[in-house]
Amino acid sequence: MRGLKIASMNYSKLKPQIYSYLGYHGVSASEETDALILDCLKELEKVQTFRYRYQAFEEIPAFLAKEPYLEFLKGTSGVVLSVMTLGTEVDRLLKLYARTNAARGVVLDACASAYLESRSDEYEKTIGNLSYRFCPGYGGSEVGDIRYIFELLHPEKIGMTLLENNYMLPSKSMAGVLGIGGQNTKNCGSCILLAHCNYRKEGTRCYGSEKK
């Protein structure tokens, strides 16, 4: 299923996540970096072609019948598998800046990652009452499980390819698992990085939930 048109992104809400991708923790934002982020986001919006494809299942596919997916899907009435991408033009721009302006390329890369996650979150609100997105590789799950999602959803229809090493192209792409219904929201208590989390040390979190 192709992604719906969503209004222009609220850049200010993206900035904390972008700074996180850039490795800024507990560092005050600078006007120069803020201006570069804003410029990169505007450029990104001109070239990105956000696409989203998903399928809902009342019974969970066989590859999810193991931990940590079973724990993640506890209390849900079904599962949604999803794939999403920003398209090939974003990759082209990232490669261009890698050759001509490395600093801008790094910032654009962080902007694209945050942008893809935010656009996907917004789109998922239009699907129904879903949990947060759990991607293969999270929480001890196997990155190779992406292959099962590709087999079921045929992401090539929105321009996505999976390489032998499980790397997705375009590079700004994701594949995820979402529970239908249930109470599975993001929270720090269930995070495997809790003991080493820089956000918690700063009294913040990496997501928008009010739960800590």
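None of the values given here were measured: they were computed from a predicted structure. (Residues numbered from 1 in each chain as written. Predicted model: local features only at pLDDT ≥ 70, side-chain atom pairs only at ≥ 80, totals over all residues. Heavy atoms only, no water.)

**Some words on the layout of surface pockets**
Okay, step 1: Reported here for the second largest pocket is a volume of approximately 320 Å³.
Okay, step 2: Residue lining of the second largest pocket: 17 residues in total, with Cys135, Tyr138, Met168, Ser173 and Met174 positioned closest to the centre.
Okay, step 3: Elements with a contribution of two residues or more to the lining of the second largest pocket: helix H5 (102-125) and strand S5 (173-180).
Okay, step 4: A per-class count over the lining of the second largest pocket returns 11 nonpolar, four polar and two charged. (1 Å grid on protein atoms, 1.4 Å probe; cavity = no way out; pocket = protein on both sides within 12 Å on 5 of 7 lines; lining within 4 Å. Points joined across faces, edges and corners; volume = space filled by probe spheres on them. Helix = DSSP H or I, 4+ residues; strand = E, 2+ residues; numbered from the N terminus. Nonpolar A, V, L, I, M, F, W, Y, C, P; charged D, E, K, R; others polar.)

**What to know about a nonpolar patch on the surface**
Okay, step 1: On the surface, Leu163, Tyr167 and Leu169 cluster together into a nonpolar patch covering about 240 Å² of accessible area.
Okay, step 2: Tracing the chain through its elements places tyrosine 167 in the loop between strand S3 (161-162) and strand S4 (168-169).
Okay, step 3: Residue class for tyrosine 167 comes out partly exposed when judged on its relative accessible area of 41%. (Patch = residues over 30% accessible without salt bridge, like charges linked within 9 Å, V, L, I, M, F, W, Y side chains within 5 Å. Areas by Shrake-Rupley, 256 points an atom, 1.4 Å probe, with all protein chains shown as cover. Salt bridge = Lys/Arg side-chain N within 4 Å of Asp/Glu carboxyl O. Buried < 20%, exposed > 50% of the residue type's maximum accessible area, 1.4 Å probe, protein only.)

**Here we look at the nonpolar core**
Okay, step 1: If you look at the biggest cluster of nonpolar residues, it comprises 30 residues, and the most contacted ones within it are Ile18, Leu41, Leu44 and Leu86.
Okay, step 2: Mapped onto this core, the elements with two or more residues apiece are helix H1 (11-21), helix H2 (31-47), strand S2 (78-85), helix H4 (88-100), H5 and S5.
Okay, step 3: In this structure, isoleucine 18 is in contact with Ile37, Leu41, Ala110, Cys111 and Ala114, ignoring residues within four places of it in sequence.
Okay, step 4: Judged by nonpolar contacts, the second largest core, of 20 residues, contains Leu73, Val83, Ile149 and Met160. (Core = buried A, V, L, I, M, F, W, Y, C linked by side-chain atoms within 4.5 Å. Contact = heavy atoms within 4.5 Å.)

**Some words on the pairing of S5**
Okay, step 1: Burial analysis of S5 places seven of its eight residues in the buried class, which makes it a mostly covered element.
Okay, step 2: Bridge count for S2 against S5 is eight bridges, and the pairing is antiparallel. Bridge assignment links leucine 81 to a residue of S5, and that residue is valine 177. (Pairing = 2+ DSSP bridges.)

**Topic: the confidence of the model for the protein**
Okay, step 1: Counting all residues, the mean pLDDT for the protein is 86, and 79% of those residues have values of 70 or more.
Okay, step 2: Low pLDDT, under 50, characterises residues 1-7; the predicted model gives this stretch 15 contacts beyond four residues in sequence or across chains.
Okay, step 3: Segment residues 208-212: pLDDT under 50, and 11 contacts once partners within four positions in sequence are set aside and those in other chains are kept. (pLDDT = per-residue confidence, 0-100.)

**So, the environment of asparagine 165**
Okay, step 1: Topologically, asparagine 165 is positioned in the loop between S3 and S4.
Okay, step 2: In this structure the C-alpha to C-alpha distance between asparagine 165 and glycine 144, which are 21 residues apart in sequence, comes to 8.3 Å.
Okay, step 3: Side-chain polar atoms of asparagine 165 contact the backbone nitrogen of tyrosine 167, separated by 3.0 Å. (Polar contact = N/O pair within 3.5 Å; in protein donor to acceptor, adjacent residues only side chain to side chain.)

**Some thoughts on the sheet that holds S5**
Okay, step 1: Pairing is antiparallel across the open sheet formed by three strands, whose spatial order is S1-S2-S5. In this open sheet, the two edge strands, each paired with only one partner strand, are strand S1 (51-57) and S5. Shown here is a sheet whose adjacent strand axes are inclined to one another by a mean of 15°, direction ignored. (Axes fitted to C-alpha atoms, helices over the stretch in contact; angles between N-to-C directions.)

**Here's the deal with the side chain of arginine 104**
Okay, step 1: Structurally, arginine 104 can be placed in helix H5.
Okay, step 2: Side-chain polar atoms of arginine 104 contact the side chain of tyrosine 97, separated by 3.3 Å.
Okay, step 3: If we ignore the near neighbours within four places in the chain, the residues touching arginine 104 are Leu36, Asp39, Cys40, Glu43 and Tyr97.

**A closer look at the packing of aromatic side chains**
Okay, step 1: Inspection of the entire model under this criterion finds 10 aromatic pairs.
Okay, step 2: For the ring pair phenylalanine 134 and tyrosine 138, a centre distance of 5.7 Å and an interplane angle of 70° mean the geometry is edge-to-face.
Okay, step 3: Aromatic ring contacts, followed pair by pair, group Phe63, Tyr69, Phe72, Tyr132, Phe134, Tyr138 and Tyr148 into a single cluster. (Phe/Tyr/Trp six-rings, centres within 6.5 Å; stacked < 30°, edge-to-face > 60°.)

**Describing the pattern of salt bridges**
Okay, step 1: All told, the structure shown has 11 salt bridges when counted by the stated rule.
Okay, step 2: Across the pair aspartate 145 and lysine 66 runs a salt bridge, and its minimum N-O distance is 3.2 Å. Taken together, the residues aspartate 145 in the loop between H5 and helix H6 (146-153) and lysine 66 in the loop between S1 and helix H3 (69-72) connect sequence positions 79 residues apart.
Okay, step 3: Taking relative accessible area as the criterion, aspartate 145 reaches 1% and is therefore assigned buried.
Okay, step 4: A residue is classified by how much of its surface remains accessible, and lysine 66, at 28% relative accessible area, is partly exposed.
Okay, step 5: If you follow the salt bridges from partner to partner, you end up with Asp39, Glu43 and Arg104 in one network.

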